[in-house]
Amino acid sequence: GDSVTQMEGPVTLSEEAFLTINCTYTATGYPSLFWYVQYPGEGLQLLLKATKADDKGSNKGFEATYRKETTSFHLEKGSVQVSDSAVYFCALNPNQAGTALIFGKGTTLSVSS
Amino acid sequence: EAQVTQNPRYLITVTGKKLTVTCSQNMNHEYMSWYRQDPGLGLRQIYYSMNVEVTDKGDVPEGYKVSRKEKRNFPLILESPSPNQTSLYFCASSGTGTSGGEQYFGPGTRLTVT
């Protein structure tokens, strides 16, 4: 079945470092892909999304490109801040019809000053 | 403000004592869902609803019930809670017009069953 695999954490970086969190997926159709972020004590917020191959989602300095050839949707940011410390979830929607999201297990990012 | 609300945010209860966690959305979304989040397991879907009076099981429905009598509300019912239902619960909603099927999440309910 459809699944999402993301790199295990925790990821620990210094402020202004470059961030990559890897995400790969398995899907039979043409899924939409998402990155959600969960700040401490809060719910999940949509960070960015891409709905078709080669789309690039971007928000708050984060970017991810939908790569169908490598079934990947890696999250990147050029210069992280302490305020980026959170748990990041990669997710897919298999049929783009507003049904169940399939989540990766989450990657904890900790940024120190 | 468009939002999904959940109540209570924190709940400590004892085994077997029935409880209900409420969820409400103000975006007129057709689709609503409940997830639980556990360390090392990510988020797993419990139940979902495609519209009023239409509900179906997700991946981990055992021990839970839901109802969808109104479009905006989707309560989660634990009729006889057990310690293995100690978890962080999220309600989410999505509309048919939502691009790509993104979902909007509530703030979460942390449940402890002793």
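Nothing here was measured: the structure is a model prediction, and the numbers come from that model. (Residues numbered from 1 in each chain as written. Chains lettered and ligands numbered in written order. Predicted model: local features only at pLDDT ≥ 70, side-chain atom pairs only at ≥ 80, totals over all residues. Heavy atoms only, no water.)

**Student:** Before we move on, can you summarise the overall build of chain B with the specific residues and values?
**Tutor:** Helix and strand counts for chain B stand at 0 helices and 11 strands. Taking 114 residues into account, the globule formula puts the C-alpha radius of gyration at 13 Å, and chain B, at 13 Å, falls close to it. For chain B, the C-alpha atoms occupy an extent of roughly 40 × 30 × 25 Å along the three principal directions. Buried residues in chain B amount to 53% of all 114 residues. A separation of at least 24 residues holds for 54% of the contacts in chain B among residues at least 6 apart in sequence. (Helix = DSSP H or I, 4+ residues; strand = E, 2+ residues; numbered from the N terminus. Rg over C-alpha atoms; globule rule 2.2 N^0.38 Å. Buried < 20%, exposed > 50% of the residue type's maximum accessible area, 1.4 Å probe, protein only. Contact = heavy atoms within 4.5 Å.)

**Student:** Just give me the short version of the interface of chain A and chain B, but keep the residues and values in it.
**Tutor:** Between chain A and chain B, the contact holds 21 residues from the first and 21 residues from the second. Summed over both sides, the interface of chain A with chain B buries roughly 1600 Å², with 54% coming from carbon and sulfur. In this structure, the connection of chain A to chain B is made through 1 salt bridge. Counting residues per element, the ones that place at least two in the side of chain A that touches chain B are β5 (32–38), β6 (44–50) and β10 (86–93) of chain A. Looking at which element gives the most residues to the side of chain A that touches chain B, the answer is β5(A), with 4 residues. Broken down by class, the residue content of the side of chain A that touches chain B amounts to 8 nonpolar, 10 polar and 3 charged. (Buried area = accessible area lost by both parts, 1.4 Å probe. Salt bridge = Lys/Arg side-chain N within 4 Å of Asp/Glu carboxyl O. Nonpolar A, V, L, I, M, F, W, Y, C, P; charged D, E, K, R; others polar.)

**Student:** Could you give me a rundown of the pattern of salt bridges, with the residues and numbers involved?
**Tutor:** Throughout the structure, instances matching the rule amount to 9 salt bridges over all chains. For Lys56(A), the salt bridge identified is with Glu63(A), shortest N-O distance 3.6 Å. For Lys56(A), a relative accessible area of 52% gives the class exposed. Each of Lys18(B), Lys65(B) and Glu79(B) takes part in salt bridges that share partners, so that together they form one network.

**Student:** Describe the sheet that holds strand β8 (residues 76–78) of chain B, listing the residues and the values that go with them.
**Tutor:** One key point about sheets: their strands pair by backbone hydrogen bonds, in either a parallel or an antiparallel sense. Read across the sheet, 4 strands follow the order β1-β3-β8-β7 (chain B) without closing on themselves; strand pairing throughout is antiparallel. Since the sheet does not close on itself, it has two edges, and those belong to β1 (4–7) and β7 (65–66) of chain B, each with one partner. (Pairing = 2+ DSSP bridges.)

**Student:** Explain the sheet that holds strand β7 (residues 56–59) of chain A to me, and be specific about the residues and the numbers.
**Tutor:** Residue and element names in this part refer to chain A. Reading across from one edge, β3-β9-β8-β7 is the order of the 4 strands in this open sheet, with antiparallel pairing throughout. Whereas interior strands pair on both sides, the edge strands pair on one side only; in this sheet they are β3 (19–21) and β7. Strand after strand, the sheet turns through a mean of 15 degrees between neighbouring axes, direction not considered. With 4 bridges joining them, β7 and strand β8 (residues 62–65) adopt antiparallel strand pairing. Following the sheet pairing, Gly57 is matched in β8 by Ala64. (Axes fitted to C-alpha atoms, helices over the stretch in contact; angles between N-to-C directions.)

**Student:** Account for the layout of surface pockets, naming residues and giving values.
**Tutor:** Put simply, the largest pocket is a space of about 520 Å³. Taken together, 28 residues make up the lining of the largest pocket; nearest its centre are Gln38(A), Val87(A), Gln37(B), Leu88(B) and Arg110(B). Of the residues contributing to the lining of the largest pocket, the split by class is 11 nonpolar, 11 polar and 6 charged. Space inside the second largest pocket adds up to approximately 320 Å³. Looking at the lining of the second largest pocket, the elements that each hand over two or more residues are β6 of chain A together with β10 (104–105) of chain B. Considering each element in turn, the lining of the second largest pocket owes the most residues, 4 residues, to β6(A). Looking at the lining of the second largest pocket residue by residue, the classes come out as 10 nonpolar, 6 polar and 2 charged. (1 Å grid on protein atoms, 1.4 Å probe; cavity = no way out; pocket = protein on both sides within 12 Å on 5 of 7 lines; lining within 4 Å. Points joined across faces, edges and corners; volume = space filled by probe spheres on them.)

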